[in-house]
Structure formats: C-alpha cells, structure tokens
Amino acid sequence: MENHAPLVSIIVPVYNYKAYLCRCLDSIAAQTLADWECLVVDDGSSDGSAAVCDEYAAKDPRFVVIHKENGGVSSARNAGLESARGEFLMFCDQDDAIDPHSMEYALEMQRQAPDAMVMWGFTRNEEEFLEACRASLSYRRLRYLDVFWHNDLFHTIWNRLYSMETVRHAGLRFDVTLGWKGRLGEDVDFNQKYIRARFPEGDFPLLYAEQPRYFYFPDNTAAVTENLEKQTPQALPLPKAGYPASLLQECAHILSAVPAEDQARHAHSLCLHYLRCFAFGVWSARQLGETLPKGFFRRPEVRRLLDLAKAQRAFSVYYLPFRLGLAGAVARLYAWDESHNINYWRVYELQYRLFFRGWEK
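Each value, and the rule that gives it
Residues numbered from 1 in each chain as written. Predicted model: local features only at pLDDT ≥ 70, side-chain atom pairs only at ≥ 80, totals over all residues. Heavy atoms only, no water. Helix = DSSP H or I, 4+ residues; strand = E, 2+ residues; numbered from the N terminus. Rg over C-alpha atoms; globule rule 2.2 N^0.38 Å. Buried < 20%, exposed > 50% of the residue type's maximum accessible area, 1.4 Å probe, protein only. Contact = heavy atoms within 4.5 Å. Areas by Shrake-Rupley, 256 points an atom, 1.4 Å probe, with all protein chains shown as cover. Salt bridge = Lys/Arg side-chain N within 4 Å of Asp/Glu carboxyl O. Axes fitted to C-alpha atoms, helices over the stretch in contact; angles between N-to-C directions. Parallel < 35°, antiparallel > 145°, perpendicular 65-115°, else oblique. Nonpolar A, V, L, I, M, F, W, Y, C, P; charged D, E, K, R; others polar. Core = buried A, V, L, I, M, F, W, Y, C linked by side-chain atoms within 4.5 Å. Left-handed = near helix turned anticlockwise from the far one by under 90°. Phe/Tyr/Trp six-rings, centres within 6.5 Å; stacked < 30°, edge-to-face > 60°. Lys NZ or Arg CZ within 6 Å of the ring centre and 35° of its normal.

Looking at an unreviewed UniProt entry, the chain carries the name Glycosyltransferase family 2 protein, with the source organism given as Candidatus Allofournierella merdipullorum.

Next comes the structure, spelled out in structure tokens:
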C-alpha cells in the first residue's frame, strides 16, 4: 500500500496561523472520500504551527508534512506540487475549510464530464457554508467563453479540481515572484497557465456547483510570507502587440453570446473586467508605438460596454476617459492602476464623488 497513488492530492501551505490550522485540517480529515493525501507545507513557521502539522501526520498517514525555509505561498505550493502523487489536485488555505463532501462531489462531477473543468462556490458566511454542507450535489453546465470574465470564478485556485496529469506534463508551477503583499496574482497566473495547457482550444465546458463548498475565512491578517522585506516591486506587464484588435473580437463574441439578462446581472464584473482589459490595450499600443484600430473609442463593442455600465450604474474609473475618448488618460490610469500608484486612487475617489455617486463600486 505504500506505493498506492491516491485519487486526490490536496496542498495546504502553512505559515504562522496555529489558531485556525486545526479547523482546516479537520475539514480535510472529515472527507467522505477516503482516498486522498494532504501535503501540508510548513513554510518556516515559528508559532507552533509546525508541531500541529506533525501531530496530524502522526495520527493519520494521509497527512504528509513538508518542512521548508520561508519562501512565500507560491514557493510552499510548489513544494507540495513536487511531492504530489494524486490523479487529481486541490488546494486549501491554512485558515479556511472545505465541505466534507468536496472531494467526493468533485470527482463525481468529473466522472460526469471528463473533458470539463470542475468548480464550486465559496462563501465568507459560516452559516451559509454549514447549510451547503448539508445540501446534496447539484451543478450547472457552462462554457468558459461565456463566463470567464466573472472575477470570482477564475481568480482563485481553491474552488476547482485540477488534473495532475496536465500539471506534470506541462511542468506547471507557481510564480515565486507573486504571492507577496503588493504583488499578488499567483492564483490567476497559475490558472491561466493551467487553462492554456489543459484546454489549448480556448473554449471548454465547465461544471459549476453553486453551493459554497469552500469557507473562506474573512479575517485572515496572516500570509504565507515572512515579512515585507522580501517583497519585489510591482512591475508593469509586458505590452501585447495587436491586443486592442483581438480584444474587440473577443468582447464582440461575449456580448453576443451572453444573454442580456446575464449581462445585466453581472454588469459590474463584466464592465470592470473588459474596461480594464481595453485600458491595457490602449497602454500596450502606446508603449509599442502602435495605432489603435480606427474609431476605437466609438466602436460598437466599446460603446455597448459603456452603455451597459451606465444602465446598470456600474462604476469603473475607466468609464469617463473611455466615454470621452482620452487615450492618454486611459494609458496613464492603467499604469497607475497596475503599479498601485496612489494617484490612481485619488482619481478614482474624485471621479466617484463628482460624477458617479450612487453607482456600484
């Protein structure tokens, strides 16, 4: 049995959060599916968290502890990936909890649709989470290109099931320069790399269980980091050639494929996502000395997005400069936004107070 590869490997990075660690590990131990391993990566803890990890491993050999020097959350997760033996992969953060049916239901969904990405909801409300734990499995079938703009679905790693075959074959790892305060985005980066490797065709089915099967602890002030001195400065991304034109095509597809009622329901997420993407396109063009597509700010894709934001009162700092066709202002705002410059927030608050009071932030 020592060489038996488990069905699921779940990785938990740990750094100095002893008070809530047991809640996390107990929720994994309580899984209705028995065939799993939990890779608990102690990232140089100094508060007794390491001893807690060892205690769980002593009681249950399915808990495998990896002790390492502090290197941040991405480094810790990579250490787990190096040792993971499962057919499928999940993640859980040290102070959160998963529904006892999470693994069982995730695998059942994957069996129903082997070519799909399996995902589930999460909540910060403990009562809502406990209610979901008592609910039977139900899910919706979706398409990636119809919902990928929805921030909550693709900005996290702990609300989905991954294929370890894909992770191993593509050699996927977390970017160790990300995951620090002031330089986040490691989950988004990993998901984008995984999607490109697993679904190179660009569109694919999703099975999404809306019940919140993951409890995201809302008061976490600790991170899997040692201190701010290890931070790397926030750098601007590389500009992309031809991005505005390709984005216009993508936006046109989304606006035609997503029903109007869904656009209205998710107007805030949709408008924030695409206006920021268009801002990146404007910034890229200026960085590369490219000319924007003819009539860019008057294109129907851009105007429909702005009209949707206005109709649903969804505020974006980019709304006004796009409405006025101010390419220079858009590019400057994007650079400030990406680099967390205080001027971005000054413009944000000034715009909101002067012109957009009552709109949804």
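S.K.: How do you make sense of the overall build of the chain when you look at a structure like this?
M.R.: Along the backbone of the chain there are 16 helices and nine strands. Over its C-alpha atoms the chain spans a radius of gyration of 22 Å, differing by no more than 12% from the 21 Å that the globule rule assigns to 361 residues. With the C-alpha coordinates aligned to their principal axes, the bounding extent of the chain is approximately 65 × 45 × 40 Å. Out of the 361 residues in the chain, the part that is buried amounts to 51%. The long-range share in the chain, meaning contacts at least 24 apart out of those at least 6 apart in sequence, stands at 83%. Of the roughly 17000 Å² of accessible surface on the chain, a fraction of 51% belongs to carbon and sulfur atoms.

S.K.: What am I meant to see in the environment of E127 here?
M.R.: Residue placement: E127 occurs in helix α5 (residues 126–133). The exposure class assigned to E127 is exposed, which follows from its relative accessible area of 67%. Measuring from C-alpha to C-alpha, the distance between E127 and E301 comes to 41 Å, with 174 residues separating the pair along the chain.

S.K.: Explain the pattern of salt bridges to me, please; I cannot follow it from the model alone.
M.R.: A side chain with one charge may pair with a side chain of the opposite charge, provided their charged atoms come close. Going through the model one piece at a time under the given rule, you end up with 17 salt bridges. A salt bridge links R213 to D99; its shortest N-O distance comes to 2.4 Å. Highlighted residues: R213 in strand β9 (residues 205–215) and D99 in the loop between β5 (97–98) and α4 (102–112), separated in sequence by 114 residues. The two residues R213 and D99 agree in class, both being buried. Among the ionic contacts, a cluster of salt bridges with common partners joins R77, D93, E186 and D187.

S.K.: I keep staring at the packing of helix α12 (residues 267–288) against helix α15 (residues 327–338) and nothing clicks. Help me out?
M.R.: Helix-helix packing is characterised by the crossing angle of the two axes and by the distance between the axes. The interhelical angle for the contact between α12 and α15, taken along N-to-C directions, is 105°, at an axis separation of 8 Å. Considered as vectors, α12 and α15 are oriented roughly perpendicular to each other. The residues of α15 that touch α12, namely those facing R276, A279, F280, V282, W283 and R286, are A327, G328, V330, A331, Y334, A335, D337 and E338. Taken together, the residues that form the contact of α12 with α15 break down as nine nonpolar, one polar and four charged.

S.K.: Got a minute to help me understand the nonpolar core in this structure?
M.R.: Within the largest apolar cluster, 106 residues are counted, with the highest numbers of intra-cluster contacts made by I28, F91, F154 and F322. Looking at this core, the element that brings in the most residues is α12, giving 11 residues. Once residues within four sequence positions are removed from consideration, F154 is found in contact with M117, M119, Y144, V147, F148, R160, V188, N191, I195 and L206. Y17, F129, C133 and F215 belong to the second-largest nonpolar core, a separate cluster that totals six residues.

S.K.: Explain the packing of helix α10 (residues 243–257) against α12 to me, please; I cannot follow it from the model alone.
M.R.: The contact between α10 and α12 brings their axes to 9 Å, and the two run at 160°. When the interaxial angle is binned, α10 and α12 end up roughly antiparallel. When you trace α10 past α12, the crossing you get is left-handed. Together, Y243, P244, L247, L248, E250, C251, I254 and L255 of α10 and L270, Y274, C277, F278, F280, G281 and A285 of α12 make up the contact between the two elements. Of the residues belonging to the contact of α10 with α12, the class tally is 13 nonpolar, one polar and one charged.

S.K.: Before we go on, may I ask you to explain the packing of aromatic side chains in this structure?
M.R.: Any two aromatic rings considered together are summarised by their centre-to-centre distance and by the angle between their planes. One pass over the structure, following the stated rule, counts 36 aromatic pairs. Centroid distance Y162 to F190: 5.6 Å. Interplanar angle 75°. Geometry classified as edge-to-face. Of this pair, Y162 sits in strand β8 (residues 160–163) while F190 sits in helix α9 (residues 186–198); the two residues are 28 residues apart in sequence, bridging distant segments of the chain. When sorted by exposure, Y162 lands in the same class as F190, which is buried. Taken together, a centroid distance of 5.6 Å and an interplanar angle of 55° make the contact between F280 and Y334 tilted. With a gap of 54 residues between them, F280 in helix α12 and Y334 in helix α15 connect regions that are remote in the sequence. The pair F280 / Y334 is uniform in exposure class, with both members buried. Among the aromatic side chains, those forming a connected cluster through ring pairs are F315, Y319, Y344, W345, Y348, Y352, F355, F356 and W359. In this structure, R23 packs its charged tip against the face of F217, placed 4.5 Å from the ring centre.

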